[in-house]
Number of protein chains: 2
Amino acid sequence: MNNVHGHIALVGAGPGDPDLLTVRAARLIAEADVVVHDALVGDGVLALARADAELIDVGKRPGHGVAQDLINVLLAQLARDGKRVVRLKGGDPFVFGRGGEEAVALAQEGIACEVVPGITSAVAAPAAAGIPVTYRGLSASVTIVTGHRSHGEDPVNWAALAQAGGTIVVLMGVAQRGEIAAALLAGGMSPGTPVAAIHRATTDGQDIVRCPLVELAAAEVRSPATMVIGPVAALDVTALAQVLKNSTSST
Amino acid sequence: MNNVHGHIALVGAGPGDPDLLTVRAARLIAEADVVVHDALVGDGVLALARADAELIDVGKRPGHGVAQDLINVLLAQLARDGKRVVRLKGGDPFVFGRGGEEAVALAQEGIACEVVPGITSAVAAPAAAGIPVTYRGLSASVTIVTGHRSHGEDPVNWAALAQAGGTIVVLMGVAQRGEIAAALLAGGMSPGTPVAAIHRATTDGQDIVRCPLVELAAAEVRSPATMVIGPVAALDVTALAQVLKNSTSST
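Source: prediction; values computed, not measured.

Caption draft 1: View of the sheet that holds strand 6 (residues 141-146) of chain A. Taken in spatial order, the 10 strands of this open sheet run 9(A)-8(A)-10(A)-7(A)-6(A)-6(B)-7(B)-10(B)-8(B)-9(B), and their pairing is mixed. Strands with a single pairing partner mark the edges of an open sheet, and in this sheet they are strand 9 (207-212) of chain A together with strand 9 (207-212) of chain B. Strand after strand, the sheet turns through a mean of 15° between neighbouring axes, direction not considered. Where strand 6 of chain A and strand 7 (residues 167-171) of chain A come together, 5 bridges link them in parallel fashion. Residue pairing in the sheet places A:Ile144 in a bridge with A:Val169 of strand 7 of chain A. Contacts between helix 5 (residues 121-128) of chain A and the sheet are confined to strand 6, strand 7, strand 8 (194-199) and strand 10 (225-229) of chain A, with strand 10 of chain A contributing the most and set at about 80° to the helix.

Caption draft 2: Focus on the sheet that holds strand 5 (residues 114-116) of chain B. Residues and elements named next belong to chain B. Taken in spatial order, the 5 strands of this open sheet run 3-2-4-1-5, and their pairing is parallel. The open sheet has two edge strands with one neighbour each: strand 3 (54-57) and strand 5. Taken over all neighbouring pairs, the strand axes of this sheet differ in orientation by 20° on average, direction set aside. For strand 1 (residues 7-12) and strand 4 (residues 84-89), the ladder comprises 6 bridges, and the chain directions are parallel. Its bridge partner lying in strand 4, Gly12 is registered against Lys89. Sitting on the sheet, helix 3 (residues 68-80) is in contact with strand 1, strand 2 (34-37), strand 3 and strand 4, with an inclination near 155° to strand 4.

Caption draft 3: View of empty space enclosed by the protein. Under the criterion given, the structure shown has 2 cavities of 30 Å³ or more. Roughly 60 Å³ of volume is contained in the largest cavity. Around the largest cavity sit A:Asp92, A:Gly118, A:Ile119, A:Thr120, A:Val123, B:Gly118, B:Ile119, B:Thr120 and B:Val123, which together line it. When the residues that make up the lining of the largest cavity are grouped by side-chain class, the tally is 4 nonpolar, 4 polar and 1 charged. Estimated volume of the second largest cavity: approximately 30 Å³. Residue lining of the second largest cavity: B:Ala197, B:His199, B:Asp207, B:Val209, B:Glu220, B:Val221 and B:Arg222, and that is the complete set. Here the residues of the lining of the second largest cavity are counted per class, giving 3 nonpolar, 1 polar and 3 charged.

What counts as what
Residue positions within a chain follow its written sequence, with the count starting from 1. All chains are assigned letters beginning at A, and all ligands numbers beginning at 1, according to the order in which they are written. With pLDDT at 70 or above as the cut-off, local features in this predicted model cover only qualifying residues; side-chain atom pairs require 80 or more to be listed or tallied, and sums for whole chains, interfaces and linings still use all residues. Only hydrogens and water are set aside when side-chain values are computed; all heavy atoms of the structure are taken into account. In this analysis, strands are considered paired if DSSP registers two or more bridges between them. Helix numbering and strand numbering both begin at the N terminus, where a helix is a DSSP run of H or I of at least 4 residues and a strand a DSSP run of E of at least 2. Axes here refer to lines fitted to C-alpha atoms; in helices the fit is confined to the stretch in contact. Angles between the N-to-C directions go from 0 to 180 degrees. By definition, residues are in contact when any of their heavy atoms lie within 4.5 Å. The definitions used throughout rest on a 1 Å grid laid over the protein atoms alone, on which a cavity is an enclosed set of points accommodating a 1.4 Å probe that cannot get out and a pocket is an open set flanked by protein within 12 Å on both sides along at least five of seven lines; lining residues are those having an atom within 4 Å of a point. Grid points are joined across faces, edges and corners, and a volume is the space filled by probe spheres set on the points. Residues are grouped as follows: Ala, Val, Leu, Ile, Met, Phe, Trp, Tyr, Cys and Pro are nonpolar; Asp, Glu, Lys and Arg are charged; every other residue, Gly included, is polar.

This is the structure:
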């Protein structure tokens with residue numbers, strides 16, 4: 001346990017665009033012997049690894065992917081082998097990335113790790129759609145939740161979130177969007193509350209669907225997507241200059 | 001209005017450490033003619049600007065700083081002058097950074113801007129203290145709020161947040177920590193709920209104070225700090241390997 005010479009970094013890969021990696025993440029990826037990555041990490045990011053680096057996809061897809069305890073064993077073994085390991089996760093490792101659990105599992109094996117935050121899709125995906133998650137007079141808080149969870153565990157108090165009055169951002173919740181909308185409506189949120197769903201934000205495949213909350217269940221939203229719920233979801237501040245220019249020139 | 005040749009980017013500077021800038025942010029700063037920055041942006045980040053770049057500090061400190069509408073006028077003028085402008089904000093421009101308002105003000109002048117997200121301190125400051133803001137079984141959501149707000153505007157429903165049961169991260173709330181703790185306790189949050197306050201996260205001056213919620217008002221917390229409230233605030237997953245190693249060798 002005291003002869004560990006490897007280096008393990010739990011690294012956030014950000015929302016997709018390699019330009020949105022942190023400087024430190026880009027450097028660690030370029031230096032890594034092994035990159036152990038999730039399914040959501042984009043090809044552009046993985047392309048920064050050395051040509052001779054080993055890339056291991058442990059991505060969790062519904063019904064597939066590598067079990068969490070096997071990932072933990074793999075990381076510990078790589079560290080003992082003296083490898084420079086980057087454990088690369090979409091977004092940020094500590095925002096629904098199970099980075100905390102992996103750090104604890106490594107610690108139990110006597111292995112320390114470095115944590116490098118990444119830009120969470122909960123903020124970057126809305127931004128890519130021109131949506132500020134907070135805006136004076138519209139939203140005084142932003143709550144990040146995940147739609148994907150184990151049976152019966154960590155129930156989200158949607159009624160309380162509906163009452164809190166701020167922006168809600170749902171990660172990994174496309175399949176559960178009907179239940180989530182129903183729970184928020186039952187909790188008192190207005191049926192007309194704007195929703196925006198951003199599919200593959202910051203990549204070439206980016207696609208945005210906007211609808212009122214009451215229509216979310218029936219809306220065609222492709223997975224993976226980040227869903228923004230609240231008055232800010234009606235905004236697109238980056239397109240506004242062009243919109244205003246057009247309206248000026250047409251009058 | 002149609003002869004704007006400048007380029008304005010609203011850029012997140014991240015939590016402090018220049019290594020936690022995004023690749024794109026670092027490049028834009030290095031290329032900028034003018035960097036218009038807030039007080040919270042660190043010297044290490046500003047040092048990346050060209051030696052001949054103009055640095056303008058419009059930082060808002062209590063009772064000081066440049067009024068928001070003057071900042072908007074300044075940015076529009078710089079863009080019309082054809083400058084490459086980086087408007088640099090601590091953390092992320094859309095998470096309590098007023099980036100949305102600045103984008104709207106520029107749009108009203110016919111000026112489009114690019115938005116480059118940054119690592120919000122709401123996630124990176126806890127991470128620097130070894131605290132994952134979400135953790136299976138401990139926290140199924142994270143809500144980001146600010147303690148600093150204009151009189152009577154955007155009231156936060158602290159009782160609803162206390163009921164929601166997830167992690168709460170408070171930015172810019174050191175001076176208001178007594179009122180915030182009282183509101184959460186009145187809303188039903190347990191007095192023993194762990195709190196961690198991280199001062200100047202990811203910089204050389206980083207300092208961490210931990211206490212139960214009921215003691216937050218009296219705790220010595222220096223501003224600026226990011227405050228984490230919830231069961232995860234008791235964790236330090238990055239120090240755990242050493243703690244476990246020591247406990248093993250002493251038995």
